[in-house]
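# A closer look at the structure
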Amino acid sequence: MKTATGPGLSSLVREQLEKPSPIRQIMKMAERQNILAMGLDPAQVISFGGGWVNHAAPDEFQHAYQSIVSDPDLFHKSGGYTATLGDMECREQIARFEAHLFGVPRLGPEHIAIGMGSTQLTHDLFRTLLDPGDTVLLLDPTYANYEGQLAFAVPGVKIVRLRVLDPETWSYLPETDPAGVAREFARLFDAHRPRLVLFGAPDNPTSQVVPQALADVMLAKTADSGAWLAIDFAYKCQYFQTPPAYYAWSPADRPNVVGIHSNSKWARSLGRRLGWIEAAAPVVDALERVQQCSILCPDTLSQMTMARYLQGAIASGSLRTYVDAANALYKNAARVTLDAVDRHLGRPRLTPFGGLYTVVDIGTNADAFVPKALKATGVLVVPGGGFGPSLTNGVRISFGPLVHDTAKIDEGLARLGAWMRSTNP
Ligand SMILES: Cc1ncc(COP(=O)(O)O)c(C=O)c1O
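Notes on the structure follow. (Residues numbered from 1 in each chain as written. Predicted model: local features only at pLDDT ≥ 70, side-chain atom pairs only at ≥ 80, totals over all residues. Heavy atoms only, no water.)

Sheet strands pair by backbone hydrogen bonding; their relative direction is either parallel or antiparallel. If you walk across this open sheet you meet the seven strands as E2-E10-E9-E8-E7-E3-E4, and the pairing is mixed. Lying at the two open borders of the sheet, with one neighbouring strand each, are strand E2 (112–115) and strand E4 (158–163). The mean inter-strand angle of the sheet, taken between neighbouring strand axes irrespective of direction, is 20°. Examined bridge by bridge, strand E3 (residues 135–140) and E4 share six bridges and lie parallel to one another. In the sheet register, valine 136 faces E4, and the bridge partner there is isoleucine 159. Packed onto the sheet, helix H10 (residues 178–192) meets E3, E4 and strand E7 (196–200) and runs at close to 165° relative to E4. Along the sheet, helix H11 (residues 212–224) makes contact with E3, E4, E7, strand E8 (228–232) and strand E9 (257–262), crossing E8 at roughly 145°. (Pairing = 2+ DSSP bridges. Helix = DSSP H or I, 4+ residues; strand = E, 2+ residues; numbered from the N terminus. Axes fitted to C-alpha atoms, helices over the stretch in contact; angles between N-to-C directions. Contact = heavy atoms within 4.5 Å.)

Below, the structure written as structure tokens:
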């Protein structure tokens, strides 16, 4: 098939162009020109759509950037390539960061591959671990990007889903029916023999964590049958309760477990692209080969800064203070959000373990609900269907962008609730 301007695009891309990310579609709807076209005043729009954080990066982190950029020799150095797996000093500091904050034992630079954020790393990890025709087990619901990432990285990969949200009772099944979920996991695993099991902790969009007992079942099953178990820790530093023990699992002890990590959320560094994989040394070595062809090396300035910042902030204790203060902020924003959902919407929702989100049952198809709600109220939420079929009648509400503006959380949900009561959408 030819395009208007040249030869045809690949069939994989053509297929994926037909399935754009549902979240990106919604965020496009909230762009200024589209808001104006709807006859809304952009200044009045309240968005619960963004999957991003809005607290300040650590001061010392900013100072570390300044000290590098203002020094001619260091700035020159920051314009050079690092090793494909990242700068050794930065890999060492990341290992210390994990030991310091979460008690991950025996982690060394040989277990760490640095990349340009966890999105790129996840793509390269899929390429590293999977073959066409393999099966991957995901949760329902879970992060909406995995499906597209899998399709691009490993064409022909099959996905099976373990349901963790009961759409009837709006309960998180691993908490309310742990034995039933463990049984269903074992059944799906034995029936489909996935090569990779992947979940987020806490997950996007539920902000729930897989309990330790279920993680143990997943570990035993995957380890026994030579499969991988990957945990996406994009929100690892955002927790409102004591994290489960697997936050301290080390690839030194569990060679089939892979951690996917990101600087985006905890340090408010979404645009300063830096993430890392924690895995057994052979996986890291294999990622080096893959990254030679995808990024050549991660961003040098970001790595130099991260190494410099962590060295000082671990020694002074300011890293822990910073993470604790950010957690207190998000815990408060989560509390305001839940109060407002209960008062204004009066609909079932989940209580976040950490992260930036809750999901609310709106009792009707959310794909139809969300554009109507935006037009009528100027309030944007994300329809749940893209995260998995269990969320077809649910929406994701993100309090991350409004963490310093909690009055808007209440105002937005009050507007939405008033409209829902008046129209019964
Ligand atoms: C579960 C999850 N993983 C990964 C990412 C992407 O992170 P990064 O900025 O490191 O690419 C996100 C972003 O929202 C996410 O929600």
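Further notes follow.
Turning next to the site of the ligand. Close to the ligand lie Gly117, Ser118, Thr119, Tyr143, Asn204, Asp232, Ala234, Tyr235, Ser262, Ser264, Lys265 and Arg273, which account for all nearby residues. Separating an oxygen atom of the ligand from a backbone N or O atom of serine 118 is a distance of 2.8 Å. Between an oxygen atom of the ligand and a side-chain N or O atom of lysine 265, the distance comes to 2.7 Å. Of the residues that constitute the shell around the ligand, the class distribution is three nonpolar, six polar and three charged. (Near = heavy atom within 4 Å. Polar contact = N/O pair within 3.5 Å; in protein donor to acceptor, adjacent residues only side chain to side chain. Nonpolar A, V, L, I, M, F, W, Y, C, P; charged D, E, K, R; others polar.)

A few words now on the pattern of salt bridges. In this structure the tally under the stated criterion is 16 salt bridges. Residue arginine 343 pairs with aspartate 410 through a salt bridge whose shortest N-O separation is 2.8 Å. Pair noted here: arginine 343 is in helix H14 (residues 318–345) and aspartate 410 is in helix H16 (residues 406–423), with a separation of 67 residues, a long-range link. Relative accessible area serves as the criterion here: at 54%, arginine 343 is assigned to the exposed category. Accessibility expressed as a relative area gives 24% for aspartate 410, which makes it partly exposed. Between lysine 408 and aspartate 405 there is a salt bridge, with its nearest N and O atoms 3.7 Å apart. (Salt bridge = Lys/Arg side-chain N within 4 Å of Asp/Glu carboxyl O. Buried < 20%, exposed > 50% of the residue type's maximum accessible area, 1.4 Å probe, protein only.)

This part takes up the packing of aromatic side chains. This model, assessed by the stated rule, comprises 16 aromatic pairs. Ring centres 5.2 Å apart and planes at 70° place the aromatic pair phenylalanine 233 and tyrosine 247 in the edge-to-face group. In this pair, phenylalanine 233 is assigned in the loop between E8 and E9 and tyrosine 247 in the loop between E8 and E9, connecting sequence segments 14 residues apart. Here the aromatic cluster, defined as three or more aromatic residues joined through ring pairs, consists of Phe61, Tyr65, Phe97, Trp266, Trp276, Tyr309 and Tyr322. Taking NZ or CZ as reference, lysine 236 lies 4.4 Å from the ring centre of phenylalanine 102, over its face. Lying across the ring of phenylalanine 233, lysine 236 places its NZ or CZ 4.5 Å from the centre. (Phe/Tyr/Trp six-rings, centres within 6.5 Å; stacked < 30°, edge-to-face > 60°. Lys NZ or Arg CZ within 6 Å of the ring centre and 35° of its normal.)

To continue, consider the environment of histidine 192. Within the secondary structure, histidine 192 is located in helix H10. A relative accessible area of 35% means that histidine 192 is categorised as partly exposed. Separated by 33 residues in sequence, histidine 192 and isoleucine 159 place their C-alpha atoms 9.4 Å apart. Once residues lying within four places of it in the same chain are set aside, the contact partners of histidine 192 are Thr135 and Val160.

Purely spatial values, then, with no claim about function.
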